[in-house]
Amino acid sequence: MATDLPALLRSLRVWDAGTTTLPAFDPGTAPPTPLLLFTDWFAQAVAAGQPEPHTMSLATVDEEGRPDVRIVMLHGADADGWAFATHRTSRKGRALAAHPHAALAFYWPVLGRQVRVRGPVTAAPSTESQADLHARSTGALAAALTGRQSDGLSSLDELRRASEAAWDRARANPSEPSPTWTLYRLHPETVEFFQGDAERRHVRLEYRSTEFGWSRGLLWP
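Here we summarise the structure given alongside this text. Predicted model, so just to flag it, every value in this text is computed and none were measured. Each chain has its residues counted from 1, running along the sequence as written. pLDDT decides what is reported in this predicted model: residues at 70 or higher carry local features, side-chain atom pairs at 80 or more are listed and counted, and totals for whole chains, interfaces and linings draw on all residues regardless. With hydrogens and water set aside, each side-chain value is computed from the structure's full complement of heavy atoms.

### Some remarks on the overall build of the protein chain
Secondary structure summary: the protein chain contains six helices and 10 strands in total. In terms of overall dimensions, the protein chain has a C-alpha envelope of 60 × 55 × 40 Å along the principal axes. Out of the 221 residues in the protein chain, the part that is buried amounts to 35%. If you take every contact in the protein chain between residues at least 6 apart in sequence, the share linking residues at least 24 apart comes to 65%. The accessible surface values rely on the Shrake-Rupley method and a 1.4 Å probe; as for residues, cover is taken only from the protein chains in view. Carbon together with sulfur atoms contributes 56% to the accessible area of the protein chain, which is approximately 12,900 Å² in total. Secondary structure elements follow DSSP: runs of H or I no shorter than four residues count as helices, runs of E no shorter than two count as strands, and numbering proceeds from the N terminus. Throughout this description, buried means an accessible area under 20% of the type-specific maximum (1.4 Å probe, protein chains only), exposed means over 50%, and partly exposed covers the range between. Only heavy atoms matter for contacts: two residues are in contact if any of them lie within 4.5 Å across the pair.

Structure (structure tokens):
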């Protein structure tokens, strides 16, 4: 039985009152740097029960100038930038090597909030990348040791065998390196905070990096 996609889409609502609270946001009280506001909003998303608030969309441009986007995990955010990790041989790793700029987007529907971050990306040294990997779970290490991310796969059975072998290695040697695993940092040039409003008067506050520090300004929704 075919699904009536247009009808299904029309039946859906954004920010249902039963699951979403739209808090007031006064941009005049925002802190001087985006990291402070991001940390506060992130903590509020966690407290509000937002599932997986540390997941984010990562947008890159590949070697031929074609855009791509996928969901990755935030590994940290500090004065050095917003951090994520992947194999440098993966599609996103190759894209970042060709065009070392990217954009991130967080969406926390439980509060009707988005955060968008754009800027250049740099790769951390290998020692730091491996330390990041080994601070994570055994499963994360096993996935990294499985390797060949974005390569063609002949069958799910091939994946199972490679994964089982990688799990054995990860359990036997929790400090085993994955040479291509790389920690990346996006150094923000712009950071936008979007707060949804029931009357569609959404508040958008954008921080811009300048030679004198951060400037702030409002955007039309």
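### Some thoughts on the layout of surface pockets
Of the voids in this model, the largest pocket is the one considered here, and its volume is about 280 Å³. We place a 1 Å grid over just the protein atoms. Points where a 1.4 Å probe fits but has no way out form a cavity, open points with protein on both sides within 12 Å along at least 5 of 7 lines form a pocket, and any residue with an atom within 4 Å of a point lines it. If you trace the largest pocket, you find 16 residues lining it, with Ala85, Arg136, Ala143, Gln149 and Trp181 closest to the centre. Looking at the lining of the largest pocket, the elements with two or more residues in it are strand S2 (67–73), strand S4 (81–87) and helix H5 (138–146). For the lining of the largest pocket, the leading source of residues is S2, giving four residues. Residues are grouped as follows: Ala, Val, Leu, Ile, Met, Phe, Trp, Tyr, Cys and Pro are nonpolar; Asp, Glu, Lys and Arg are charged; every other residue, Gly included, is polar. Across the lining of the largest pocket, the residue classes break down as eight nonpolar, five polar and three charged. Grid points are joined across faces, edges and corners, and a volume is the space filled by probe spheres set on the points.

### Focus: the pattern of salt bridges
We count a salt bridge whenever a side-chain nitrogen from Lys or Arg sits within 4 Å of a carboxyl oxygen from Asp or Glu. Using the criterion set out here, one finds 13 salt bridges in the structure. Among the ionic pairs, Arg116 bridges to Glu192, the shortest N-O distance being 2.8 Å. Within this pair, whereas Arg116 is found in strand S6 (residues 113–123), its partner Glu192 is found in strand S8 (residues 190–195), the two being separated by 76 residues in sequence. On the basis of relative accessibility, which here comes to 6%, the residue Glu192 falls in the buried class. Residue Glu176 is joined to Arg169 by a salt bridge in which the shortest nitrogen-to-oxygen separation is 2.5 Å. Among the residues examined, Glu176 registers a relative accessible area of 16% and is labelled buried.

### So, the packing of aromatic side chains
Aromatic rings considered in pairs are described by the distance between their centres and by the relative angle of their planes. Pairing of aromatic rings covers Phe, Tyr and the six-membered ring of Trp, with a centre-to-centre limit of 6.5 Å; geometry is then stacked below 30 degrees between planes, edge-to-face above 60, and tilted otherwise. If you walk through the whole model with that rule in mind, you get 11 aromatic pairs. Pairing Phe84 with Tyr184 gives two aromatic rings, centres 5.7 Å apart and planes at 20°, and the pair type is stacked. Of the two residues, Phe84 sits in strand S4 while Tyr184 sits in strand S7 (residues 181–186), which places them 100 residues apart along the sequence. Judged by its relative accessible area of 0%, Phe84 falls in the buried class. Measuring from ring centre to ring centre gives 6.4 Å for Tyr207 and Trp214, while their planes differ by 80°; the resulting arrangement is edge-to-face. In this structure Tyr207 comes out as buried when scored by relative accessible area, which is 0%.

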